[in-house]
Amino acid sequence: MTASGTPSDHASPAGRTADRERPPVVDFPLGPPGTMGPIEEYRRLRRECPVARVRTPMGAAAWYVTRYTDVRALLADARLVRPTINAWPIRPEDVPEPGPGLTTMMELDGPRHAALRRALADEFAIHTVEGRLARVRALAEGLLDDIEAGGRPADLAPDFAEPFPLLVMCDLVGIPYEDRDYFLPMADAALGALVTLDEGREVTHMLRSYIAELIARKRRRPGDDVLTRLVRRCDQGELDREEVICFGLSMLMAGYRTCTMFLADAILVLLTRPGQFARLRDDRGIMPRAVEELLRYLPVMNGVVVLQAARDIDLHGHTIHAGEAVLPVLAAANRDGSVFPGADRLDLRRDPNPHLTFGQGAHYCIGVHLARAELAVALDCLLDRFPGLRLAVDESELPWEDESPAKSPLAIPVEW
Ligand code: HEM
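Reading the values: rules and limits
- The numbers attached to residues start from 1 for each chain and follow its sequence in the written order.
- In view of the model being predicted, local features appear only for residues whose pLDDT reaches at least 70, and side-chain atom pairs are presented and counted only at 80 or more, with totals across whole chains, interfaces and linings using the full set of residues.
- Each residue receives a C-beta atom built from its backbone; the residue is near a molecule or strand if that atom lies within 6 Å of it.
- Helix and strand labels come from DSSP, where a helix needs a run of H or I of at least four residues and a strand needs a run of E of at least two; each type is numbered from the N terminus.
- Basically, the charged four are Asp, Glu, Lys and Arg, the nonpolar ten are Ala, Val, Leu, Ile, Met, Phe, Trp, Tyr, Cys and Pro, and anything else, Gly included, counts as polar.
- As used here, a nonpolar core is made of buried Ala, Val, Leu, Ile, Met, Phe, Trp, Tyr and Cys residues. They are joined through C-beta atoms within 7 Å.
- Exposure criterion: with C-beta atoms placed from backbone coordinates, a residue whose C-beta has 20 or more other C-beta atoms within 10 Å is buried, one with 12 or fewer is exposed, and one in between is partly exposed.
- Residue pairs are scored as contacts if the distance between their C-beta atoms, which are placed from the backbone, is within 7 Å.
- Whether two strands pair comes down to DSSP finding at least two bridges between them.
- Only C-alpha atoms enter the line fits that serve as axes; for helices the fit covers just the stretch in contact. Angles between N-to-C directions range over 0 to 180 degrees.
- Working definition: roughly parallel below 35 degrees, roughly antiparallel above 145 degrees, roughly perpendicular at 65 to 115 degrees, and oblique for all remaining angles.
- Crossings are assigned a handedness: left-handed for a near helix turned anticlockwise from the far helix by less than a right angle, right-handed for a clockwise turn.
- Any helix carries an expected span of 1.5 Å times its number of residues minus one.

Asker: Would you explain the site of the ligand in this entry?
Answerer: Around the ligand there are 24 residues in total, and Gly255, Gly359, His363, Cys365 and Gly367 lie nearest to it. Counting only elements with at least two residues in the shell around the ligand, the list comes to helix H11 (241–254), helix H12 (257–271) and helix H16 (368–385). Classifying every residue of the shell around the ligand gives 15 nonpolar, seven polar and two charged.

Asker: In this structure, what is going on with the nonpolar core? I would like to understand it.
Answerer: Soluble globular proteins tend to pack their nonpolar side chains together in the buried interior. In terms of nonpolar packing, the biggest core is built from 109 residues, with Phe262, Leu263 and Val326 touching the most fellow members. Excluding residues that lie within four positions of it along the chain, Phe262 makes contacts with Leu294, Leu295, Leu298, Val300 and Leu375.

Asker: Hey, could you run me through the sheet that holds strand E5 (residues 154–155) in this one?
Answerer: Hydrogen bonds along the backbone pair up the strands of a sheet, which may run parallel or antiparallel. The sheet built from three strands is open, its strands ordered E5-E11-E10 with antiparallel pairing. Both outer strands of the open sheet, E5 and strand E10 (390–391), are each paired with one neighbouring strand and no more. By the bridge criterion, two bridges tie E10 to strand E11 (residues 413–415) in an arrangement that is antiparallel. Looking at the pairing, Leu391 lines up with Val414 of E11.

Asker: Help me understand the packing of helix H5 (residues 133–150) against H16, please; the structure alone is not making it clear to me.
Answerer: Each pair of packed helices gets described by two things: the angle between the helix axes and the distance between those axes. Viewed as axis vectors pointing N to C, H5 and H16 meet at an angle of 40 degrees, and their least axial separation amounts to 9 Å. With respect to their mutual orientation, H5 and H16 come out oblique. Classified by chirality, the crossing of H16 by H5 is right-handed. Contact residues: H5 offers Leu133, Val136, Arg137, Ala140, Glu141, Leu144 and Glu148, while H16 offers Ala373, Glu374, Val377, Ala378, Cys381 and Arg385. Grouping the amino acids of the contact of H5 with H16 by side-chain chemistry returns eight nonpolar, no polar and five charged.

Asker: Quick question: what am I supposed to make of the sheet that holds strand E4 (residues 80–81) here?
Answerer: The six strands are arranged E1-E2-E3-E9-E6-E4 in an open sheet whose pairing can be described as mixed. Both edges of this open sheet fall to strand E1 (25–27) and E4, since each of them pairs with a single strand only. Both E1 and strand E2 (residues 51–55) contribute to a ladder of three bridges, which runs parallel. Looking across to E2, one finds that Asp27 is bridged to Arg55. Strands in contact with helix H2 (residues 68–75) are strand E3 (61–65), E4, strand E6 (307–309) and strand E9 (325–328); relative to E9, the strand with the most contacts, it is inclined by about 125 degrees.

Asker: I tried to follow H16 on my own but got confused; where do I start?
Answerer: Since the α-helix turns once every 3.6 residues, residues separated by three or four places project in the same direction. Over its 18 residues, H16 runs 26 Å from end to end, which matches the ideal 26 Å to within 8%, given 1.5 Å per residue. Along H16, the positions that sit buried rather than exposed are Leu370, Ala371, Ala373, Glu374, Leu375, Val377, Ala378, Leu379, Cys381 and Leu382. Looking at the packing, one finds that the buried side of H16 touches helix H4 (126–131), H5, helix H7 (163–173), H12, helix H13 (274–282) and helix H14 (287–297).

Asker: Before we go on, may I ask you to explain the pairing of E9 in this structure?
Answerer: Along E9, one buried face is formed by Ala325 and Leu327 and the opposite face, lined by Val326 and Pro328, is buried too. Bridge count for E3 against E9 is four bridges, and the pairing is parallel. Within the sheet, the bridge partner assigned to Tyr64 lies in E9 and is Leu327. Sheet analysis places E6 next to E9, joined by two bridges and oriented antiparallel. When the sheet's bridge partners are listed, Gln308 is paired in E9 with Ala325.

Geometric descriptors of this kind do not, in isolation, establish any biological role.
Here's what the structure looks like:
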């Protein structure tokens, strides 16, 4: 057992046997209804079956990897590629894509990926994010003004956790927030991959057209935003148009939804632990460490990163065959007791905290500084504005989307 009372990880003889029978395909771990994730399941899998086989909610089988060292290594392993959203999950009716698919930066590799990362390095650098903090704070304050004016009780899920990361991303990148009713349903459908092949093609086509049209708008009316600057680089021959489209699609796919879920879960976790809430409210000096710890502790990244083996890979005595999907489960790695003492305890002062929430290697999250800033600013503003914030209903009454691998509460009714 570790200091926190959790059974120690890695006690099993996994890895000692030669090529073994494949584990049976089990249901995708979702955790009990009304909870953030499958914490018990992570513990058991890390110990007994660190390379498990699961059926994803879309019906495809995938390897589900839960130990920290394995997850870290897989994320940066060149033998694994990232399939495009259209290519995964592989569906029985799948035929090769006729046109360009929904390619985001995650699926780009080699020189094109490197060129785009270089072009964006300064845009997402820590000094750039620090220079925008006042703007980010103003966006949070604006939402809180509306919440306060609307009176009690308020719902922090739709009125704060959802719009705030989207507003921040749109403001930085130059995607009109007013267009959200158009692009959000399509982006959500593509993200959830809950579409038929034909619908997937249509969504891909429409999202690509939307970004292409936005690029044309930036040429006509340049703004002070990332997209305008990329279009300029494109006109100077430093990038091609396809890369700019790829960036725009990346922002719709990766630039806000995860932050929304982390923010909603973070607010809920603090509201249901009054001691931790008071600790953070009364000592903002711990905010940077508290944000890192929330990013580690909240199990949002439950099989969110999907890899595909380009060659056979041996892991703990199993052979992952070329073409098979591999899910390095960042949330499970973040609770690995061999790396994080008292891994299942929320310790807002934890340091060091080498969590894997932003990935590892060439595709490490480009929005890492922005995401951290968003969480810190959102919590800071919330605690300033409503020092006596509390849930307006019992925690057990909160609605969740329990079928989804990554979960956050759909409503957070509060009073103050
Ligand atoms: C808490 C919030 C966030 C989390 C947990 C998160 C997590 C991740 C992870 C794990 C990856 C790597 C995926 C892989 O290896 O395939 C990634 C990549 C990426 N993220 Fe984030 N992210 C967050 C916020 C953001 C934000 C705010 C932006 C931009 C506005 C962003 C943009 C991207 C992009 C463009 C990539 C692809 C990078 C590449 O392939 O080179 N992310 N993110």
